[in-house]
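For reference, the chains in residue letters:
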Amino acid sequence: MKYLDEFRDVETAKRLIDQIGDRCTRGWVLMDVCGGQTHGLVRSGIERELAGTVELIHGPGCPVCVTSTQHIDFAVALSLRPKTIVATFGDMIRVPGGDGSLMQARGHGGNLQMVYSPMGAVELAATKPDHEVIFLAVGFETTTPATALAVMQAEQLGLSNFSIVASHVRVLPAMEAIMAMPDCRVEGFLAAGHVCSITGYDVYEPFVRQHQLPVVVTGFEPLDLLEGILRTVTLLESSQPVVDNRYGRGVQKYGNAAAQSLIETVYEVADCDWRGFGTIADGGYWLRSRYEAFDACRKFQRMIPLQLTSDHDCCAADVMSGRIKPKQCPAFGTTCTPESPLGAPMVSGEGACAAYYRFEPISIKLP
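Residues numbered from 1 in each chain as written. Predicted model: local features only at pLDDT ≥ 70, side-chain atom pairs only at ≥ 80, totals over all residues. Heavy atoms only, no water.

### A look at the overall build of the protein chain
For the protein chain, the helix and strand inventory stands at 17 helices and 11 strands. In terms of overall size, the protein chain behaves like a compact globule, its C-alpha atoms giving a radius of gyration of 21 Å where 367 residues would be expected to give roughly 21 Å. In terms of overall dimensions, the protein chain has C-alpha extents of about 65 × 45 × 45 Å along its principal axes. A burial count over the protein chain gives 56% of its 367 residues as buried. Within the protein chain, counting contacts between residues at least 6 apart in sequence, those at least 24 apart form 78% of the total. For the protein chain, the accessible area works out to roughly 15,500 Å², and carbon and sulfur atoms hold 50% of it. With 31 positive and 41 negative side-chain charges, the protein chain shows a spacing of 3 Å between the two charge centroids. (Helix = DSSP H or I, 4+ residues; strand = E, 2+ residues; numbered from the N terminus. Rg over C-alpha atoms; globule rule 2.2 N^0.38 Å. Buried < 20%, exposed > 50% of the residue type's maximum accessible area, 1.4 Å probe, protein only. Contact = heavy atoms within 4.5 Å. Areas by Shrake-Rupley, 256 points an atom, 1.4 Å probe, with all protein chains shown as cover. Lys, Arg positive; Asp, Glu negative; His and termini not counted. Charge placed at Lys NZ, Arg CZ, Asp CG, Glu CD.)

### Quick word on the nonpolar core
Most often, soluble globular proteins have nonpolar side chains that are buried together. With 89 residues, the main nonpolar core has Phe-162 and Phe-189 as its most contacted residues. With six residues, strand 5 (residues 132-139) is the largest single contributor of residues to this core. Counting 21 residues, the second largest nonpolar core, distinct from the first, contains Phe-7, Leu-50, Val-54 and Leu-56. (Core = buried A, V, L, I, M, F, W, Y, C linked by side-chain atoms within 4.5 Å.)

### Side note on the sheet that holds strand 9 (residues 243-245)
Here we have five strands laid out as an open sheet, ordered 2-1-7-8-9, and parallel in their pairing. The outermost strands of the open sheet, each flanked by one partner alone, are strand 2 (54-58) and strand 9. Pairs of neighbouring strands in the sheet enclose a mean axial angle of 25°, with direction left out of account. (Pairing = 2+ DSSP bridges. Axes fitted to C-alpha atoms, helices over the stretch in contact; angles between N-to-C directions.)

### Observations regarding the pattern of salt bridges
A full pass over the atoms with the stated rule returns 15 salt bridges. Arg-26 serves as the salt-bridge partner of Glu-187, at 2.5 Å between the closest nitrogen and oxygen. Of this pair, Glu-187 sits in the loop between helix 10 (171-179) and strand 7 (188-192) while Arg-26 sits in the loop between helix 2 (10-23) and strand 1 (28-32); the two residues are 161 residues apart in sequence, bridging distant segments of the chain. Linking Glu-55 and Arg-185 is a salt bridge whose minimum nitrogen-to-oxygen distance equals 2.8 Å. Separated by 130 residues along the polypeptide, Glu-55 in strand 2 and Arg-185 in the loop between helix 10 and strand 7 bring together distant segments of the chain. Its relative accessible area of 31% is what places Glu-55 among the partly exposed residues. A network of salt bridges, in which partner residues are shared, links Asp-183, Asp-318 and Arg-323. (Salt bridge = Lys/Arg side-chain N within 4 Å of Asp/Glu carboxyl O.)

### Looking at the packing of aromatic side chains
Two descriptors summarise a pair of aromatic rings, namely the distance from one centre to the other and the angle between the planes of the rings. By the definition in use, this model includes seven aromatic pairs. Centre to centre, the rings of Phe-220 and Tyr-247 are 6.1 Å apart; their planes meet at 80°, and the pair counts as edge-to-face. Highlighted residues: Phe-220 in the loop between strand 8 (215-218) and helix 13 (222-237) and Tyr-247 in the loop between strand 9 and helix 14 (257-266), separated in sequence by 27 residues. Here the aromatic residues Phe-140, Trp-274 and Phe-277 are joined through ring pairs into a cluster of three or more. Directly above the aromatic system of Trp-28 lies the positively charged group of Arg-26, at a separation of 3.8 Å from the ring centroid. (Phe/Tyr/Trp six-rings, centres within 6.5 Å; stacked < 30°, edge-to-face > 60°. Lys NZ or Arg CZ within 6 Å of the ring centre and 35° of its normal.)

### Some words on helix 2
Across its 14 residues, helix 2 extends 20 Å between first and last C-alpha, which sits within 8% of the 20 Å expected from 1.5 Å per residue. Every buried residue of helix 2 is listed here: Ala-13, Leu-16, Ile-17 and Ile-20. For helix 2, the angular spread of the buried residues around the axis is 100°, confining them to a single face. Against the buried residues of helix 2 lie helix 4 (46-49), strand 2 and helix 13. (Expected span 1.5 Å × (residues − 1). Arc of directions from axis to C-beta.)

### Re the packing of helix 2 against helix 13
Between helix 2 and helix 13, the least distance of the axes is 10 Å, while the angle of their chain directions is 15°. As judged from the angle between their axes, helix 2 and helix 13 are roughly parallel. The hand of the helix 2/helix 13 crossing is left-handed. Across the interface between the two elements, Thr-12, Ala-13, Leu-16, Ile-17, Gln-19, Ile-20 and Arg-23 of helix 2 pack against Leu-223, Leu-226, Glu-227, Ile-229, Leu-230, Val-233, Thr-234 and Glu-237 of helix 13. (Parallel < 35°, antiparallel > 145°, perpendicular 65-115°, else oblique. Left-handed = near helix turned anticlockwise from the far one by under 90°.)

Laid out in structure tokens, this is it:
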């Protein structure tokens, strides 16, 4: 905790808030891309402290939240097949699809296994040779290398009973999609430090040149976020649309070359369906043809066709694109709660709705 304490100092946070107020000559609208940032901003009270100076809106930065409904329904159907195990991370278990969640499927006899890493699903397949093991692989670029490594390991072990539902998505194309929305109000982005640790931050330079707005990489602790906001408004006030890194302890300009190589070896960039957004060009990854034997969608689609479904009575799309705040959704806290969620942002540990439900926005209250 000693290392983190220096990024949670209350007096320093108050000074940064004062500096932000002094720097702003008008209100600015910034979007944080990552759910971890959202939770940090709401939990520590930063969002409320900056109200009237900087409006913070929350983007689609929760991979669980944007995993397509059709992939969830596909996983649910697979879990109900004999001698089939669906493995995934804990957050995914309660996310509702069009046909219910994996947790609900378990109540109807579905075979579900929570794992803590993709390699855990490979180990499960190795110990259950008489079962098909399907890993529901979700996440941004941060978790994609680990899934790629798991696929390569399964190939080396000759595991014909292991496959994945590839639901990895890419952040930058989603930012492009948000900027293309006719009612977009975003004037600057706080880029996610953990994603940039893989991709680097040089990838944002064409985006910044095209849209003429700043992108500032931040961490997740209160002072990380405040320093990122201060830098963003400073760039806006001086009309400098540049990419800047305020998370130097975790991010380098060109990212992690080894992780990028793993992704490039196993995956290819492809158009991808994002829940609440529709199809985003180059928005995700598909397994390369060399690894198609590990693609559950190809392996089982004849038995269980993928079908597009849509959310009902849920404003998640508006929340994740920054059009509304979670509390502006009519269902928030009434018909939609963590115990009975209508949409993924109320389920995920990084979902914006879950952050607003769990944390009362209060004056600065650092961990």
